[in-house]
Amino acid sequence: MLKGRHLINSEDFSTEEIQSIISLAQKIIASPQRFSHCCDGKLLGTLFFEPSTRTRLSFEAAMLRLGGRVIGFADESSSSSTKGESLVDTIRTVASYADLLAMRHTKEGSSFLASSVCPVPLINAGDGGHQHPTQTLTDLLTIVEAKGQPEGLCVGFCGDLKFGRTVHSLVKAMSRYPDNRFIFISPKELHIPNHIKIELDRLGVEYREIERLEEVIDELDVLYMTRVQKERFFNEADYIRLKDSYILDKKKLRSAKKDLAILHPLPRVNEIHPEVDSDPRALYFRQVGYGMYARMALIIKVLGVEEC
Ligand code: CP
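Student: I'm lost on the packing of helix 5 (residues 133-147) against helix 6 (residues 165-174) in this one. Help?
Tutor: The angle between the axes and the distance between the axes are what describe a pair of packed helices. Running from N to C, helix 5 and helix 6 point in directions that differ by 60 degrees, and their axes come no closer than 8 Å. On the basis of their axis angle, the class for helix 5 and helix 6 is oblique. In this structure, helix 5 crosses over helix 6, and the sense of that crossing is right-handed. Contact residues: P133, Q135, T136, D139, L140 and I143 in helix 5; T166, S169, L170, A173 and M174 in helix 6. Counted by class, the contact of helix 5 with helix 6 contains six nonpolar, four polar and one charged residues.

Student: Even after reading the chapter, I still don't get the pairing of strand 4 (residues 122-127), so can you show me in this structure?
Tutor: Regular strands have side chains that alternate between both faces of the sheet. Of all six residues in strand 4, six are buried; the element is thus mostly enclosed. Here strand 3 (residues 100-105) runs beside strand 4; their pairing, made up of four bridges, is parallel. From the neighbouring strand, A102 faces strand 4, where its bridge partner is I123. In this region the chain leaves strand 3, passes through helix 4 (residues 110-115) and returns to the parallel neighbour strand 4; the handedness of that crossover is right-handed.

Student: What exactly am I supposed to notice about the site of the ligand here?
Tutor: Around the ligand, the structure places S52, T53, R54, T55, R104, H132, Q135, P265 and L266. Contact between the ligand and P265: a nitrogen atom at 2.9 Å from a main-chain N or O atom of the residue. For the shell around the ligand, the residue count by class is two nonpolar, five polar and two charged.

Student: Would you explain the sheet that holds strand 1 (residues 43-48) in this entry?
Tutor: Across a sheet, strands are paired by hydrogen bonds formed along the backbone, either parallel or antiparallel in direction. Read across the open sheet, the four strands follow the order 2-1-3-4; overall the sheet is parallel. The sheet is open, and its two edges are formed by strand 2 (69-73) and strand 4, each paired on a single side. Between one strand axis and the next, the sheet turns by 15 degrees as a mean value, whatever way the strands run. Here strand 1 pairs with strand 2 via five bridges, running parallel. When the sheet's bridge partners are listed, L43 is paired in strand 2 with R69.

Student: I tried to follow unusual backbone geometry on my own but got confused; where do I start?
Tutor: Omega for the bond connecting L266 with P267 falls within 30 degrees of zero, at 5 degrees, which places this linkage in the cis form. Structurally, the position occupied by P267 is in the loop between strand 9 (261-263) and helix 10 (284-303). A positive phi angle, near 65 degrees, is found at D179, a position not held by glycine. Note on placement: D179 falls in the loop between helix 6 and strand 6 (181-185). Owing to a relative accessible area of 67%, D179 belongs among the exposed residues under this scheme. A positive phi is found at L266, a non-glycine position, where the angle reads about 65 degrees. With respect to the helices and strands, L266 occurs in the loop between strand 9 and helix 10. For L266, a relative accessible area of 11% corresponds to the buried category.

Cut-offs used in this document
Counting of residues starts from 1 at the beginning of each chain's written sequence and follows it residue by residue. The predicted nature of this model means local features are confined to residues of pLDDT at least 70 and side-chain atom pairs, given and counted, to a pLDDT of 80 or more, with totals for whole chains, interfaces and linings taken over all residues. Side-chain calculation: all heavy atoms of the structure are included, whereas hydrogens and water are not. A fitted line through C-alpha atoms represents every axis, and for helices the fit uses only the stretch in contact; the resulting angles, taken between N-to-C directions, go from 0 to 180 degrees. A helix here means a DSSP run of H or I that spans at least four residues, while a strand means a run of E at least two residues long, and both kinds are numbered starting from the N terminus. For this classification, under 35 degrees means roughly parallel, over 145 means roughly antiparallel, 65 to 115 means roughly perpendicular, and everything else is oblique. For any pair of crossing helices, the crossing counts as left-handed if the nearer helix is rotated counterclockwise from the farther one by less than a right angle, and right-handed if it is rotated clockwise. A contact between two residues is defined here by any heavy atoms of the two lying within 4.5 Å. In the scheme used here, Gly and all other residues not listed as nonpolar or charged are polar, with Ala, Val, Leu, Ile, Met, Phe, Trp, Tyr, Cys and Pro taken as nonpolar and Asp, Glu, Lys and Arg as charged. Accessible area is worked out with a 1.4 Å probe on protein chains only. A residue is then buried under 20% of its type maximum, exposed over 50%, and partly exposed in between. For two strands to be treated as a pair, DSSP must find at least two bridges joining them. Look down the strands so they point away from you; if the path from the first strand over the helix to the second goes clockwise, the crossover is right-handed. The rule for a residue being near a molecule or strand is that one of its heavy atoms must lie within 4 Å of it. In protein, a polar contact means a hydrogen-donor-capable atom and an acceptor-capable atom, both N or O and within 3.5 Å, with residues adjacent in sequence counting only if both atoms are side-chain atoms; elsewhere, any N or O pair within 3.5 Å suffices.

Right, here's the structure in full:
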């Protein structure tokens, strides 16, 4: 039962609950009109303390397409936090107007803190370098649409695996499905955090870490490219040195499988050359569209309005 629940980490929901969201998203894709009044009279509050294009707009589009309405802010500077209001007071305030909240914040753990005072469902739309669980729903929907199921896959995660919150959430989610194995491809400065490797060891999930994408690209069923997260670096010189560590182009894809699924949470900077966009294996713009349907399904579930 997902009604009334917060979503802070990708592992907050069981694999059965995630499956129910993905199945509902597929039903919405097949006949969106059936769901166009599910949220009549409901209000979504979007609190974005950090910039976003896809996540905020897909949440808003999702609620509007379900018949609901949206309030919120896209920029911290237009909220009373600039006058010194605490995060928990802001949450208590907006929760007294809206039926559910989607919040993005620069600080790891902020969504958990916010949820502790929030009487309506609170969805983590990205908290610093920690997690981004609705991107994971989007990614899983994309993988299910491409591969049929999110299991038995060799998944390569490439780029900034240290700060990339979408990677952290997706690895945790996919590690719960059988027979997945992971290849972490990054410079040593941007390795996947130790706490995630400890969890994979505990679960007995196979993984390895390498630096060169070319060495493993032929093994992969899914390649999850990521941007180097400039905003999380303390030192600009380090960012400049590492930002173009990986650039996926047609040449590198020559040895990849014919049915490789190339995902990227976007925004992209240089890590996928635009010449790849027309390759049928490039799914990242389809993935953007799935983001809205995944969030429509999530909203319906946490508001408990499935029987609309
Ligand atoms: N994927 C993602 O979170 O994109 P935005 O930062 O544009 O929301």
